[in-house]
Amino acid sequence: MTDADIAKYNAAQAALEYVKDGMVVGLGTGSTAAHFVRLLGERVRQGLRVKGVPTSEATRNLAEQVGVPLVDISQINAIDIDVDGADEIDAAFRLIKGGGGALLREKIVAAASARMIVIADESKWVETLGAFPLPIEVTRFGFALTRERVRSALRQTGCAGDEVNLRVSGKANEPVITDGGNYILDAHAGRIPDAEALDAALKQVAGVVEHGLFIGLAHVVVLGKAKGAEVRSR
Ligand code: 5RP
């Protein structure tokens, strides 16, 4: 494992202590959340009873492989805790998420959870959000027009940059399609001086399905280090 991966693993392991018998647990997406899902699978084999709500098809597949029982989100009214990674975290526990393209389901699950535990290596802790490109899920229909309106929102809310790229992958540079069947725009804001204002502005843009700014959702941040993890609570 690389140093970053060890730190991610340590964060995931420390988060296990928040999981109690009988809980419904939101299962995040990404490499840090994947460590958590594997560790949770080990606990299930030792007798822990939980039901997981995956935030992506990738996480669903992993949870099935490692034996974490799942429940369909349409069958539940609430989630006890959600354990998920992040691309950036600031001192007010505002997050940028969606590097793995799962931000829509991740936000639905986080918003339905009594507590959101964010697990990350310590490099994700930042003074100001925005160096990591902000992922924005948009409808395929009219995405070029939507992109222009997103650029205006970045400028109007004082962001340092307004470059917005359609996320593509593979040799053929095909647009990435999310689990919800949409596109992802990556907004290179550089620096987001007012995350609440950008959140409000993006919500006004027709064609934006959801964006990766998570404000007021995280309760606990577990920052993994080379040895152990540091827990910060709001
Ligand atoms: C996926 C996410 C991830 O949680 C985020 O990208 C962090 O990923 P990693 O744990 O691999 O660093 O938001 O949509």
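Just so it is clear, the structure is predicted and the values come from calculations on it, not from any experiment.

## Regarding the packing of aromatic side chains
Here is step 1: Enumeration over the complete set of coordinates arrives at 2 aromatic pairs.
Here is step 2: Where Phe93 meets Trp125, the ring centres are 6.1 Å apart and the plane angle is 85°; that geometry is what we call edge-to-face. Note that Phe93 is positioned in the loop between β4 (88-89) and β5 (95-96) and Trp125 in the loop between β6 (113-121) and β7 (134-138), a separation of 32 residues in sequence.
Here is step 3: Residues Phe143 and Tyr183 carry aromatic rings whose centres are separated by 5.1 Å and whose planes lie at 85° to one another, so their mutual orientation is edge-to-face. You can see Phe143 sitting in helix α5 (residues 143-156) and its partner Tyr183 sitting in strand β11 (residues 183-188), a full 40 residues away along the chain.
Here is step 4: Owing to a relative accessible area of 21%, Phe143 belongs among the partly exposed residues under this scheme.
Here is step 5: A residue is classified by how much of its surface remains accessible, and Tyr183, at 13% relative accessible area, is buried.
Here is step 6: Residue placement shows Lys97 over the ring face of Phe214; its charged tip is 5.7 Å from the ring centre.
Here is step 7: A cation sits over an aromatic face here: Arg232 above Trp125, 4.3 Å from the ring centre.

## As for the domain arrangement of the protein chain
Here is step 1: You can read the domains of the protein chain as domain 1 (3-126 + 216-227) and domain 2 (134-206).
Here is step 2: On the side of domain 2, 11 residues touch domain 1, which itself brings 12 residues to the contact.
Here is step 3: Each partner contributes to the roughly 830 Å² buried at the junction of domain 1 and domain 2, and carbon and sulfur atoms together form 55% of this total.
Here is step 4: When residues of domain 1 are sorted by the area they lose upon contact with domain 2, Arg94, Ile96 and Leu103 head the list and together hold 42% of the total.
Here is step 5: On the surface where domain 1 and domain 2 come into contact, there are 2 salt bridges.
Here is step 6: A salt bridge links Asp179 to Arg105; the shortest N-O distance between them is 4.0 Å.
Here is step 7: Counting across the interface, domain 1 meets domain 2 through 5 residue pairs in polar contact (both at pLDDT 80 or more).
Here is step 8: Top contributing element to the side of domain 1 that touches domain 2 by residue count: helix α4 (residues 103-111), with 3 residues.
Here is step 9: Split into classes, the residues belonging to the side of domain 1 that touches domain 2 amount to 3 nonpolar, 5 polar and 4 charged.

## What about the site of the ligand?
Here is step 1: As a structural note, the neighbourhood of the ligand is formed by 17 residues, with Ser31, Thr32, Asp87, Gly98 and Lys124 the closest of them.
Here is step 2: Residue Thr29 places a main-chain N or O atom 2.9 Å away from an oxygen atom belonging to the ligand.
Here is step 3: Here Gly85 contributes a backbone N or O atom positioned 3.5 Å from an oxygen atom of the ligand.
Here is step 4: In the complex, 91% of the free accessible area of the ligand, which totals 380 Å², lies under the protein chains.
Here is step 5: Here the shell around the ligand is built from residues that sort into 2 nonpolar, 9 polar and 6 charged.

## Some remarks on the sheet that holds strand β12 (residues 208-211)
Here is step 1: Taken together, 4 strands build an open sheet; the order of strands is β8-β11-β7-β12 and the sheet is antiparallel. If you trace the sheet from one side to the other, it starts and ends with β8 (163-166) and β12, each paired once. Here the strands of the sheet are splayed against their neighbours by 30° on average, with no regard to which way each runs.
Here is step 2: Seen against the sheet, α4 touches β7, β11 and β12 and runs at an angle of roughly 65° to β12.
Here is step 3: Along the sheet, α5 contacts β7, β8, β11 and β12; its crossing angle with β8, the most-contacted strand, is approximately 155°.

## Side note on the pattern of salt bridges
Here is step 1: For the structure shown, the criterion picks out 18 salt bridges.
Here is step 2: Residue Asp186 is joined to Arg167 by a salt bridge in which the shortest nitrogen-to-oxygen separation is 2.8 Å. Of the two residues, Asp186 sits in strand β11 while Arg167 sits in the loop between β8 and β9 (168-169), which places them 19 residues apart along the sequence. Arg167 carries the same exposure label as Asp186, and that label is buried.
Here is step 3: With a closest N to O distance of 2.7 Å, Arg232 and Glu230 form a salt bridge.
Here is step 4: A single network of salt bridges, built from pairs that share partners, joins Glu57, Arg60, Arg105 and Asp179.

Calculation notes
- Residues numbered from 1 in each chain as written.
- Predicted model: local features only at pLDDT ≥ 70, side-chain atom pairs only at ≥ 80, totals over all residues.
- Heavy atoms only, no water.
- Phe/Tyr/Trp six-rings, centres within 6.5 Å; stacked < 30°, edge-to-face > 60°.
- Helix = DSSP H or I, 4+ residues; strand = E, 2+ residues; numbered from the N terminus.
- Buried < 20%, exposed > 50% of the residue type's maximum accessible area, 1.4 Å probe, protein only.
- Lys NZ or Arg CZ within 6 Å of the ring centre and 35° of its normal.
- Domains from an automatic or database assignment.
- Contact = heavy atoms within 4.5 Å.
- Buried area = accessible area lost by both parts, 1.4 Å probe.
- Salt bridge = Lys/Arg side-chain N within 4 Å of Asp/Glu carboxyl O.
- Polar contact = N/O pair within 3.5 Å; in protein donor to acceptor, adjacent residues only side chain to side chain.
- Nonpolar A, V, L, I, M, F, W, Y, C, P; charged D, E, K, R; others polar.
- Near = heavy atom within 4 Å.
- Areas by Shrake-Rupley, 256 points an atom, 1.4 Å probe, with all protein chains shown as cover.
- Pairing = 2+ DSSP bridges.
- Axes fitted to C-alpha atoms, helices over the stretch in contact; angles between N-to-C directions.

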